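Geometric and topological summary
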Amino acid sequence: DALQGLIDLLDQPAVAVAGDFNADQAHEPFRRLLRDACLQETHNVGNTWPAGKAVPPFYGIDHILTGGPIEVVSASTTPAHGSDHYGVLSVLRLH
């Protein structure tokens, strides 16, 4: 059973992609990326841009995308040190 579980895991590569996509779910190219690459966004970290401005962040364009036997356990924003985006911190779990 353990060997079969390892084989199954290797047949489904775990993928995690995170960063500034300059897009959200309203943008068709972003949705196409999710669909074509078999990725999903299970945790929305909220608005991450702009950071350090007179206005609060109003746009969520930084994402954590996963595929295969990996899940986002938690995700949050972090202070923006030298960036116009808030950072994103996540904990991932491999199944």
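Because the structure is a prediction, the values reported are computed rather than measured.

Turning next to the overall build of the chain. Secondary structure summary: the chain contains two helices and four strands in total. The secondary structure elements of the chain, listed N-terminal to C-terminal, are α-β-α-β-β-β. Classification of the 95 residues of the chain by burial places 22% in the buried group. Of the roughly 6,100 Å² that the chain leaves accessible, carbon and sulfur atoms contribute 56%.

Once that is clear, we can look at the packing of aromatic side chains. For any pair of aromatic rings, the description consists of the separation of the ring centres together with the inter-plane angle of the planes. Within this structure, the stated rule accounts for two aromatic pairs. Taking the centre distance of 5.5 Å and the plane angle of 70° together, the rings of phenylalanine 21 and phenylalanine 30 count as edge-to-face. Seen in terms of ring centroids, tryptophan 49 and phenylalanine 58 are 5.6 Å apart; in terms of plane orientation they differ by 70°. Their pairing is edge-to-face. Overall, the relative accessible area of 27% leaves tryptophan 49 in the partly exposed class.

We now examine the side chain of histidine 85. With respect to the helices, strands and loops of the structure, histidine 85 is situated in the loop between strand 3 (70-78) and strand 4 (87-94). Here aspartate 20 takes part through its side chain, which lies 3.3 Å from a polar atom of the side chain of histidine 85. With residues up to four places along the chain from it excluded, the contact list for histidine 85 reads Asp20, Thr48, Trp49, Ala51, Ile61, Asp62 and Ala80.

What counts, and at which threshold
- Residues numbered from 1 in each chain as written.
- Predicted model: local features only at pLDDT ≥ 70, side-chain atom pairs only at ≥ 80, totals over all residues.
- Heavy atoms only, no water.
- Helix = DSSP H or I, 4+ residues; strand = E, 2+ residues; numbered from the N terminus.
- Buried < 20%, exposed > 50% of the residue type's maximum accessible area, 1.4 Å probe, protein only.
- Areas by Shrake-Rupley, 256 points an atom, 1.4 Å probe, with all protein chains shown as cover.
- Phe/Tyr/Trp six-rings, centres within 6.5 Å; stacked < 30°, edge-to-face > 60°.
- Polar contact = N/O pair within 3.5 Å; in protein donor to acceptor, adjacent residues only side chain to side chain.
- Contact = heavy atoms within 4.5 Å.

Bear in mind that shape data such as this cannot, by itself, settle questions of function.
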